[in-house]
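Below are the chains, spelled out letter by letter.
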Amino acid sequence: MFEAENIRDWRGHDVVDSGGRKIGTLESVYVDTATDLPAFAAVTIGMPTRRRLVFVPVHKAVVGPDYVKVTYDKGLVKDAPGIDPDGELAAEDEGAVFAHYELPYEQGTRGERRLGRR
């Protein structure tokens, strides 16, 4: 395994928790707009008729042959704020995603979004 430097290349691969349990499938990556570095993965979870995207931090994520392993437990990720599969994370909902993982959240100095989808 190695650190996920360019995690965007792993779209469509399984996302697993620290214990190796499958959480879902990597759909997209949200970058920190201040640094342009990957910050959160949007992960598709649920049954085929009831899918949603949840967000999980990718700090210290590693990749294996067919998966991305995050440092968070499957239960915590599945309880994370989510959106519809065709949706976009609204600016006013960003703070809740950070708070779910007990991460500090600050908008840009002029109220800019903190996360951008790539």
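Residues numbered from 1 in each chain as written. Predicted model: local features only at pLDDT ≥ 70, side-chain atom pairs only at ≥ 80, totals over all residues. Heavy atoms only, no water.

A. Local environment of the side chain of E94. Residue position: E94 is located in helix α2 (residues 94-100). On the basis of relative accessible area, E94 is assigned to the buried category, the value being 0%. Beyond its immediate sequence surroundings of up to four residues, E94 is in contact with L89, Y105, R113, R114 and L115. (Helix = DSSP H or I, 4+ residues; strand = E, 2+ residues; numbered from the N terminus. Buried < 20%, exposed > 50% of the residue type's maximum accessible area, 1.4 Å probe, protein only. Contact = heavy atoms within 4.5 Å.)

B. Structural view of the environment of I45. Take I45: it is sitting in strand β4 (residues 37-45). Apart from residues lying up to four places away in sequence, I45 is in contact with I23, G24, R50, R51, R52, V54 and K78.

C. Spotlight on the environment of V58. Counting through the fold element by element, V58 comes out in the loop between β5 (52-57) and β6 (62-63). The buried category is assigned to V58, whose relative accessible area is 9%. Taking the C-alpha atoms as reference, V58 lies 8.9 Å from V29; in sequence the two are 29 residues apart.

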